[in-house]
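Notes for the structure review
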Amino acid sequence: MKPYRKPFFGDPLFPVDLVFQGLKKPENELPDHLHDRYELVYVHQGRGTFFIDETFYEKNAGDLFVIPGNAIHRSIPDEAEPIVSTALFFAPALAAEAPSDADGYRPLRCFESARKRKRYKLELSADADARNDVERILGRIHEELEERRLGYREAVRLLLRELLLRLNRLEPAEGRSAGGPDLRIVPPWMDAVLRELDRLPEGASGLSELSRRANVSPAHFSRVFKRLTGMNVTDYLNAKRIVRAKELLRDTGEHVGEIAERCGFDSMPHFHRVFKSLTGLTPGAYRKRQPGPADGFA
């Protein structure tokens, strides 16, 4: 199964989508997906597992997941206790602004920190005030998007900023709120493989070599990898490589051919085909949509 490019159907001029208190069952959960939007997922009730980037997390009531754009992720709800969760998707430009002159505050700091530390989970189960605040703000956003009264867009912007401020003030409290990966979910060899593929996807080995180094058979490797991530090794590597290619297209002026080679693709047609299947755009069209020094390169 290839990674799923999640569609968004709202107003492109107001890039916010909310799935409020949705019931997540294994049979109707999305496969692995990635998108440019930032995502906050709050768990109201139920249990499950969340695969984000290279790491598995337990998913329980009171957990909040901070997922930057272009992070491969997949929710695996428990069959006996399905997840009820709220997912908020937004374009980072909606919340981003210049740092405050006074204290250097950045609204997206919690996402920056999550990406840097590769820790995407905040545990709020023991903090009733934080849970109440998160649930209140998400409920207000839901009301504004449903009722669409005069000024609802500005109301949603303000509520989003309030929510991010609350999370940014929570995030430094490492001992209480920062939830780490749960290594009990995966065998040690799988954890090592995922870390290797994340560190250097462009030079990663094939299935035979990966399974040999993991000291398991290729068939067992494939079966466990797909059961846990929802993808085969090739699709997972392609997704990781495309994430890196998007960064280079956005942040550099390198020629598309150079980027394709740097990201481990053996030909331009292959790069174009995979890129378009995961983003809906060619590399050149994607670059033209991005602000910054790379504008105008095809």
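In the block above lies the structure referred to throughout.
Please read all numbers here as calculations on a predicted model, not as lab measurements. (Residues numbered from 1 in each chain as written. Predicted model: local features only at pLDDT ≥ 70, side-chain atom pairs only at ≥ 80, totals over all residues. Heavy atoms only, no water.)

The next subject is the side chain of R241. Structurally, R241 is set in helix α8 (residues 233–251). This buried residue, R241, is left without a salt bridge; E202 holds the nearest opposite charge, at 6.4 Å. Those residues in contact with R241 that sit more than four places away from it in its chain are P201, E202, A204, C263, G264 and F265. (Helix = DSSP H or I, 4+ residues; strand = E, 2+ residues; numbered from the N terminus. Buried < 20%, exposed > 50% of the residue type's maximum accessible area, 1.4 Å probe, protein only. Lys, Arg positive; Asp, Glu negative; His and termini not counted. Salt bridge = Lys/Arg side-chain N within 4 Å of Asp/Glu carboxyl O. Contact = heavy atoms within 4.5 Å.)

Here we take up α8. Over its 19 residues, α8 runs 27 Å from end to end, which matches the ideal 27 Å to within 8%, given 1.5 Å per residue. With 14 of 19 residues buried, α8 is to be regarded as a mostly interior element. Taking the backbone nitrogen of T234 as reference, a side-chain oxygen 3.1 Å away marks N232 as the first, capping residue of α8. (Expected span 1.5 Å × (residues − 1). Polar contact = N/O pair within 3.5 Å; in protein donor to acceptor, adjacent residues only side chain to side chain.)

Let's shift gears to the nonpolar core. Residues L40, L64, L88, F90, F111, L164 and L167 are the most contacted members of the largest nonpolar core, which totals 43 residues. Elements that contribute at least two residues to this core include exactly β4 (38–45), β5 (47–52), β7 (63–67), β9 (83–90), α1 (109–117), α2 (128–147) and α3 (152–170). By residue number, the principal contributor to this core is α3, which donates eight residues. Excluding residues within four positions of it along the chain, F90 makes contact with P15, V16, R37, Y38, L40, A95, L108, F111, L160 and L164. The next biggest cluster of nonpolar side chains, apart from the first, holds 37 residues, and it includes W189, F225, L237 and L281. (Core = buried A, V, L, I, M, F, W, Y, C linked by side-chain atoms within 4.5 Å.)

Before going further, it helps to examine the pairing of strand β6 (residues 55–60). By the bridge criterion, six bridges tie β5 to β6 in an arrangement that is antiparallel. Considered in β6, the bridge of T49 is made with E58. Hairpin connection from β5 to β6: two residues lie between these consecutive antiparallel strands, with D53 at a positive phi of about 65 degrees. (Pairing = 2+ DSSP bridges.)

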